[in-house]
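Each chain is listed here by its residues.
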Amino acid sequence: MSGLHPEQSFPQAAKAEVNNPQLRANLRKVTTTIREKRLKAVGELPHWEELRVLGAATKDEALANLSDRLLELESSVRARGGHVHWARDAAEARELVAQIARGHGVTELIKVKSITSDEIELNAALDAHGIHAIETDLAELIVQLSRDTPSHILVPAIHRNRAEIQALFNRELGDPEHLSDEPAVLAGAARRYLRQKFLTTRMAVSGANFAVADTGTVCVVESEGNGRMCLTLPEVLVSVMGIEKVLATWEDVSVFMELLPRSSTAERMNPYTSFWSGVTPGDGPQEFHLILLDNGRTDVLADEVGRQTLRCIRCSACLNVCPVYERAGGHAYGSVYPGPIGAVLTPQLLHMQDKNANTLPGASSLCGACFDACPVRIDIPQVLIYLRGEVNAGKGTTLESVAMGAMRYAMSEGWRFEGAVKLARTGQGPLVHDGQITALPGLLGGWTQSRDLNPFPPQSFREWWKKREPGGES
Amino acid sequence: MSNAEARLEILTRINRATQGAQTPQRPAYPRAATQSREDVLLTFEDRILDYRAGFVRVPASGVRGAVRAALGDARRVVVPDGLDAAWLPDSLDAAWLPDSLDVLRDEPTLTHAELDGADAVVTGCAVAVARTGTIILDHGPGQGRRALTLVPDTHVCVIHAHQIVPDVLDGVQALAPAVRAGQPLTWLSGGSATSDIELVRVEGVHGPRHLRVIVISD
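Residues numbered from 1 in each chain as written. Chains lettered and ligands numbered in written order. Predicted model: local features only at pLDDT ≥ 70, side-chain atom pairs only at ≥ 80, totals over all residues. Heavy atoms only, no water.

Draft legend 1. Structural view of the overall build of chain A. When helices and strands are tallied, chain A shows 22 helices and twelve strands. Over its C-alpha atoms chain A spans a radius of gyration of 25 Å, differing by no more than 12% from the 23 Å that the globule rule assigns to 474 residues. Overall, the C-alpha framework of chain A stretches about 90 × 55 × 45 Å when taken along its three principal axes. When burial is assessed residue by residue, chain A has 58% of its 474 residues classed as buried. In chain A, the share of contacts with a sequence separation of at least 24, taken over all contacts with a separation of at least 6, comes to 73%. The positive charge centre, built from 49 side chains, and the negative charge centre, built from 57, are 5 Å apart in chain A. (Helix = DSSP H or I, 4+ residues; strand = E, 2+ residues; numbered from the N terminus. Rg over C-alpha atoms; globule rule 2.2 N^0.38 Å. Buried < 20%, exposed > 50% of the residue type's maximum accessible area, 1.4 Å probe, protein only. Contact = heavy atoms within 4.5 Å. Lys, Arg positive; Asp, Glu negative; His and termini not counted. Charge placed at Lys NZ, Arg CZ, Asp CG, Glu CD.)

Draft legend 2. Spatial organisation of the layout of surface pockets. All names here are of chain A. Approximately 910 Å³ is the volume found for the second largest pocket. What lines the second largest pocket is a set of 40 residues, and nearest its centre among them are Lys113, Leu154, Ser223, Ser264 and Thr265. When grouped by side-chain class, the residues that make up the lining of the second largest pocket number 17 nonpolar, 13 polar and ten charged. (1 Å grid on protein atoms, 1.4 Å probe; cavity = no way out; pocket = protein on both sides within 12 Å on 5 of 7 lines; lining within 4 Å. Points joined across faces, edges and corners; volume = space filled by probe spheres on them. Nonpolar A, V, L, I, M, F, W, Y, C, P; charged D, E, K, R; others polar.)

Draft legend 3. View of helix H2 (residues 37-50) of chain B. All names here are of chain B. Its 14 residues place the ends of H2 20 Å apart at the C-alpha level, agreeing with the 20 Å of an ideal helix rising 1.5 Å per residue. In this fold, the buried residues of H2 make contact with strand E1 (54-58), strand E5 (127-129), strand E6 (134-137), strand E7 (154-160), strand E8 (164-165) and strand E12 (210-216). Two residues or fewer past H2, arginine 52 is found with a positive phi of approximately 60°. (Expected span 1.5 Å × (residues − 1).)

Draft legend 4. A look at the pairing of strand E4 (residues 203-206) of chain A. Residue and element names in this part refer to chain A. Every second residue of E4 is oriented toward a common face, with Met203 and Val205 on one face and Ala204 and Ser206 on the other, all of them buried. In the sheet, strand E2 (residues 108-111) pairs with E4 via two bridges, with the strands oriented parallel. Among the inter-strand pairings, isoleucine 110 is bridged to a residue of E4, identified as alanine 204. Note: E4 against strand E7 (residues 236-242), four bridges, orientation parallel. From the neighbouring strand, valine 205 faces E7, where its bridge partner is valine 238. (Pairing = 2+ DSSP bridges.)

Draft legend 5. How the structure looks around the sheet that holds strand E4 (residues 120-123) of chain B. Residues and elements named next belong to chain B. Pairing in this open sheet of six strands is parallel, and the strands run E1-E12-E7-E4-E2-E3 from one edge to the other. This sheet does not close on itself; its edge strands, each paired only once, are E1 and strand E3 (102-105). Shown here is a sheet whose adjacent strand axes are inclined to one another by a mean of 20°, direction ignored. For E1 and E12, the ladder comprises five bridges, and the chain directions are parallel. In the strand pairing of E12, arginine 57 is matched with valine 215. Sheet contacts for H2: E1, E7 and E12; angle to E1, the most-contacted strand, approximately 150°. (Axes fitted to C-alpha atoms, helices over the stretch in contact; angles between N-to-C directions.)

Draft legend 6. Spotlight on the sheet that holds strand E10 (residues 287-293) of chain A. Residue and element names in this part refer to chain A. What the six strands build is an open sheet, ordered E1-E10-E7-E4-E2-E3; its pairing is parallel. Across the chains shown, the open sheet's two edge strands, defined by having one partner strand only, are strand E1 (83-87) and strand E3 (132-135). Between one strand axis and the next, the sheet turns through 25° on average, direction left out of account.

Draft legend 7. Examining the UniProt feature "domain: LUD" (unreviewed entry) in chain B more closely. The UniProt record annotates "domain: LUD" (unreviewed entry) at residues 111-216 of chain B. For residues 111-216 of chain B, the helix share is 17%, the strand share is 33%, and the end-to-end C-alpha distance is 32 Å. (UniProt positions renumbered as here; feature names shortened; annotations may be inferred.)

Draft legend 8. Examining the packing of aromatic side chains more closely. Counted by the stated rule, this structure contains ten aromatic pairs over all chains. Pairing Trp464(A) with Trp465(A) gives two aromatic rings, centres 6.2 Å apart and planes at 55°, and the pair type is tilted. Given a relative accessible area of 25%, Trp464(A) falls into the partly exposed group. Judged by its relative accessible area of 45%, Trp465(A) is partly exposed. The interplanar angle of 70° and the centroid separation of 6.4 Å between the aromatic rings of Phe44(B) and Phe55(B) together place this pair among those described as edge-to-face. Of the two residues, Phe44(B) is situated in helix H2 and Phe55(B) in strand E1; the sequence distance between them amounts to eleven residues. For Phe44(B), a relative accessible area of 0% corresponds to the buried category. (Phe/Tyr/Trp six-rings, centres within 6.5 Å; stacked < 30°, edge-to-face > 60°.)

Draft legend 9. Expanded view of the environment of Leu231(A). Among the structural elements, Leu231(A) can be located in helix H11 (residues 226-232). Judged by relative accessible area, which is 1%, Leu231(A) ranks as buried. It is 7.0 Å that separates the C-alpha atoms of Leu231(A) and Ala204(A), two residues lying 27 residues apart in sequence. Setting aside residues up to four positions removed in sequence, Leu231(A) forms contacts with Val112(A), Ser206(A), Val220(A), Leu237(A), Ser274(A), Trp276(A), Pro285(A) and Arg146(B).

Draft legend 10. Structural detail: the interface of chain A and chain B. On the side of chain B, 76 residues touch chain A, which itself brings 95 residues to the contact. A combined buried area of about 7,400 Å² lies between chain A and chain B, and 58% of that area is made up of carbon and sulfur atoms. At the junction of chain A and chain B, the tally comes to 15 salt bridges. Of the charged contacts in the structure, one is a salt bridge between Glu198(B) and Arg162(A), with a shortest N-O distance of 3.0 Å. Scanning the region where chain A abuts chain B turns up 40 residue pairs in polar contact (both at pLDDT 80 or more). Looking at the side of chain A that touches chain B residue by residue, the class counts come to 46 nonpolar, 23 polar and 26 charged. Bridge analysis of strand E9 (residues 272-277) of chain A against strand E9 (residues 185-188) of chain B gives four bridges, and the strand direction is antiparallel. Looking at the pairing, Tyr272(A) lines up with Leu188(B) of E9(B). (Buried area = accessible area lost by both parts, 1.4 Å probe. Salt bridge = Lys/Arg side-chain N within 4 Å of Asp/Glu carboxyl O. Polar contact = N/O pair within 3.5 Å; in protein donor to acceptor, adjacent residues only side chain to side chain.)

Draft legend 11. Representation of the state of the cysteines within the structure. Residues and elements named next belong to chain A. Applying the stated criterion across every chain, the model contains zero disulfides over all chains. Note on cysteine 219: no disulfide assigned, nearest cysteine sulfur contributed by cysteine 315 at a separation of 14 Å. We classify cysteine 219 as buried; its relative accessible area is 1%. With no disulfide of its own, cysteine 374 lies 6.3 Å from the sulfur of cysteine 315, the closest cysteine sulfur. (Disulfide = S-S within 2.5 Å.)

Draft legend 12. Fine view of the environment of Arg180(B). Take Arg180(B): it is sitting in helix H5 (residues 168-180). Those residues in contact with Arg180(B) that lie beyond four places of it in its chain are Arg80(A), Asp214(A), Thr215(A), Trp250(A) and Glu251(A). Side-chain polar atoms of Arg180(B) contact the side chain of Asp214(A), separated by 2.7 Å.

Draft legend 13. Expanded view of helix H1 (residues 4-18) of chain B. In this model, H1(B) (15 residues) spans 21 Å end to end at C-alpha, consistent with the 21 Å of a helix rising 1.5 Å per residue. Of the positions making up H1(B), those classed as buried are Ala6(B), Ile10(B), Leu11(B), Ile14(B), Ala17(B) and Thr18(B). Around the axis of H1(B), the buried residues are gathered within 125° of arc, so they sit on the same side. Seen from the open side of H1(B), the exposed residues pointing more than 90 degrees away from its buried face are Glu5(B), Leu8(B) and Arg16(B). Packing partners of the buried residues in H1(B) comprise helix H3 (48-64), helix H4 (66-79), E1, helix H5 (90-103), E10 and helix H13 (297-302) of chain A. Immediately beyond the C-terminal end of H1(B), within one or two residues, lies Gly20(B), with a positive phi of roughly 80°. (Arc of directions from axis to C-beta.)

Draft legend 14. Representation of the packing of helix H8 (residues 138-145) of chain A against helix H9 (residues 162-172) of chain A in the model. Residue and element names in this part refer to chain A. At their nearest, the axes of H8 and H9 sit 10 Å apart, and the two run at 70° to each other. As judged from the angle between their axes, H8 and H9 are roughly perpendicular. Residue-level inspection shows Leu138, Leu141, Ile142 and Leu145 of H8 in contact with H9, the latter providing Ile165, Leu168, Phe169 and Glu172. Across the contact of H8 with H9, the residue classes tally to seven nonpolar, no polar and one charged. (Parallel < 35°, antiparallel > 145°, perpendicular 65-115°, else oblique.)

Spelled out as structure tokens, the structure:
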């Protein structure tokens, strides 16, 4: 997996993942732990619901006036000595970063964890230019050293356990001391490895959690301090941000600093947040570039139902409450955006044209937990259903649409439905093994791919109701 | 501008996409019930301790001793320009520094390597938020440039009680003039931490491993 394009359909990709007991155990532990912690952090604020409404309205307002906000951001960043670039797609954004690096003769740079940079497949592109990008977030470093891909927005290496990381670090970091599998020891090894890089590397790349139009202020939210290191110690800083990350005014930052940490790491506040406006003489990088990335976002913006997806602040709360994510894991989504938000964002960013990505809106039980958890009230179930409709409409008349038409006919009259049930009970005979249906034929096979089905009972409710003694049970 | 074409195209796409889009009504910012000053300070203390950072509340006369105690066994200490002289002795002499502490001034600018050789840094802050236990530096006088509070392993932060505001919005509003003047900000909530390996919290990855907070009663 790389970037946005899934290599397989969701059902294909999920099949392998749901049969991996280690992965399922890791995921269950993580999602249940964060879920409980998050409810506590959120419960502390009596006005949480009002904050969500305000957060959603603040983002909607910025999106409704997006071109004005971006132009204002551009001029305020410039006024503070920064450079602003525009990238229509991933290739343009990659090229811009590579150009800046080449311009400074840089062959190695340090990176703050950034899902947007993963979206544009930046590291591989830089490699092709002979520039090595070093991930400095502990989890991203684990993923990078093991030539793996992230599986969670917030904790990208959550599918790896300590023994795997121990073996990896002993092999890759060439530590003279043999490392134990204690998380503190492993984090210490990463600290030693990265310290010299932080102190000596001349260029850094980051994403951006938010950018403020009226002040030209960019923001990165983090925990480890690797972000602060990258954002302040090198001479040159490049930040790549999706155009939807812009906010109108400095005061708008407040509601998101209340919503984001409590929703994502379930903390009252994350350990470190950096804000900077262009360059500050004598403090931090003296050259700053902001790259504004479209890469499909304007398509999402143009869709009245899908537009709300752009409110997303990448907290990952929806992943941790999703029963489908908990079983399938992040890799099954085949994109840097996993979970419920990925199921709606990925196909839209690919203009609803990617066959594999178009299976993602089906990766949901529509239980609605993601909507309840979302700090900016993205109605993910609504968008999922809407996108399923878009996908189906694009298909024209199919076996599925004919079958659905027949179902509608059968279910629209009670007598037809009863007849159909009787027919099905007779017809299911050869499919039932040990009281379970484990494989359905043809189109229906999709349903039994990852679950068993109970057969029709010998008597239906309607049959029982008709036969029962008047005034009592039969 | 090298990418004028991309800029124009993106802006055109946006304008087409947002044509007729309604700007929503924004509701008022929800506020929690007002707390007494003492409760605000107690909330702040509770949050700082919850982050497992050091905390002590002293009268103005006790700051010097509290700073010395917070430095622990640090040997090389960075002191930014503009730090309140009352927090340190007039002359950094043996009376205050019996164990001959090395004091590093950032003038001329310390190199990354010199900073890396320091054990601790003492600063003030711009504002602090009680509900989240967040300390905010705007890197004005007495706070140093951003690297000073990042590289040394211990950060001793001295805060006047009146700098502690109840909520995030109060902090954001208080910082507006600094942000509009182009100053960078660093928000600190406890020390550096990660939970990336099996969700086990490990404190001290790249930022300072120890945060020690001294609040001066007004």
